[in-house]
Amino acid sequence: MDEIIIYTDGGCSGNPGPGGWGVVISADGIVKQISGGEKFTTNNRMELLAAINALSIIKNTPKFESRKIIVNIDSQYVKNGITTWIKGWKAKGWITADKKPVKNQDLWILLDELNSSLNVEWNWVKGHAGVEFNEICDSLCQQEIKKHK
């Protein structure tokens, strides 16, 4: 079976402020777009929610959950957090290297559960660089921000 390709983006107008996230999922020749947002949030929370919502769809689609998933994300925060930093955070009781509580722990726990139960490869892509599905995610995010202003 072919791999599932995901693109995600999240953002805010002001940080904190009204925020949105967008996702594009490509599987079996079908491309699906989803988005959401909140009235008062942060950029990092929106980036995390984009990834969580994308992986939740995969997890809840039985024919997809055993397939390889490539998440293309323009957030170094989420990519580095889920692939590297989270191991140390969990080992230290959700405390950062500078001895502070991990921000967005609630979302990190959800993302970690999804990531651990699926075959996910995380790939950083440069934002606003003309990558078609990343640009669509950004547009979805901007539409959500406008809805929540």
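Higher on the page you've got the structure.
Predicted, not measured: the structure shown is a model, and the values here were computed from it.

**Examining the overall build of the protein chain**
In terms of helices and strands, the protein chain carries four helices and five strands. Reading the protein chain from its N terminus to its C terminus gives the helix and strand order β-β-β-α-β-α-α-β-α. Relative to the compact-globule value of 15 Å for 149 residues, the protein chain shows a C-alpha radius of gyration of 15 Å, a close match. With respect to the principal axes defined by its C-alpha atoms, the protein chain has extents near 45 × 35 × 25 Å. Relative to its 149 residues, the protein chain shows a buried fraction of 47%.

**Considerations on the packing of aromatic side chains**
The geometry of an aromatic ring pair is captured by two quantities: the separation of the ring centres and the angle between the planes. Considering all chains together, one arrives at five aromatic pairs under this definition. With 6.3 Å between their ring centres and 35° between their planes, Trp89 and Trp94 make a pair best called tilted. Between Trp89 and Trp108 the ring centres are 5.1 Å apart and the planes differ by 65°, which places this aromatic pair in the edge-to-face class. Of this pair, Trp89 sits in helix α2 (residues 76-91) while Trp108 is found in helix α3 (residues 105-117), placing the two residues 19 residues apart along the sequence. Taken as a pair, Trp89 and Trp108 share a single burial class, namely buried. Among the aromatic side chains, those forming a connected cluster through ring pairs are Tyr77, Trp85, Trp89, Trp94 and Trp108.

**With respect to the packing of helix α1 (residues 43-59) against α3**
Orientation of α1 relative to α3, taken along the N-to-C sense of each, is 35°, at an axis distance of 9 Å. Two packed elements cross with a definite hand, and for α1 against α3 that hand is left-handed. In contact with Arg45, Leu48, Leu49, Ala51, Ile52, Leu55, Ser56 and Lys59 of α1, α3 contributes Asp106, Leu107, Trp108, Leu110, Leu111, Leu114, Asn115 and Ser117. Across the contact of α1 with α3, the residue classes break down as 10 nonpolar, three polar and three charged.

**Some points on the pairing of strand β4 (residues 68-73)**
Burial runs high along β4: five of the six residues are buried. Note that strand β1 (residues 4-12) and β4 share five bridges and pair parallel. Considered in β4, the bridge of Thr8 is made with Ile73.

**So, the sheet that holds β4**
Taking strand neighbours across the sheet as the criterion, the five strands line up as β3-β2-β1-β4-β5 in an open arrangement whose pairing is mixed. The open sheet is flanked by β3 (30-41) and β5 (119-124), the only strands paired with a single partner. Taking each pair of neighbouring strands and ignoring which way they run, the sheet shows an average axis angle of 20°. Contacts from α1 reach β1, β2 (17-27), β3, β4 and β5 within the one sheet, and its direction differs from that of β1 by about 155°.

The rules behind these values
Residues numbered from 1 in each chain as written. Predicted model: local features only at pLDDT ≥ 70, side-chain atom pairs only at ≥ 80, totals over all residues. Heavy atoms only, no water. Helix = DSSP H or I, 4+ residues; strand = E, 2+ residues; numbered from the N terminus. Rg over C-alpha atoms; globule rule 2.2 N^0.38 Å. Buried < 20%, exposed > 50% of the residue type's maximum accessible area, 1.4 Å probe, protein only. Phe/Tyr/Trp six-rings, centres within 6.5 Å; stacked < 30°, edge-to-face > 60°. Axes fitted to C-alpha atoms, helices over the stretch in contact; angles between N-to-C directions. Left-handed = near helix turned anticlockwise from the far one by under 90°. Contact = heavy atoms within 4.5 Å. Nonpolar A, V, L, I, M, F, W, Y, C, P; charged D, E, K, R; others polar. Pairing = 2+ DSSP bridges.

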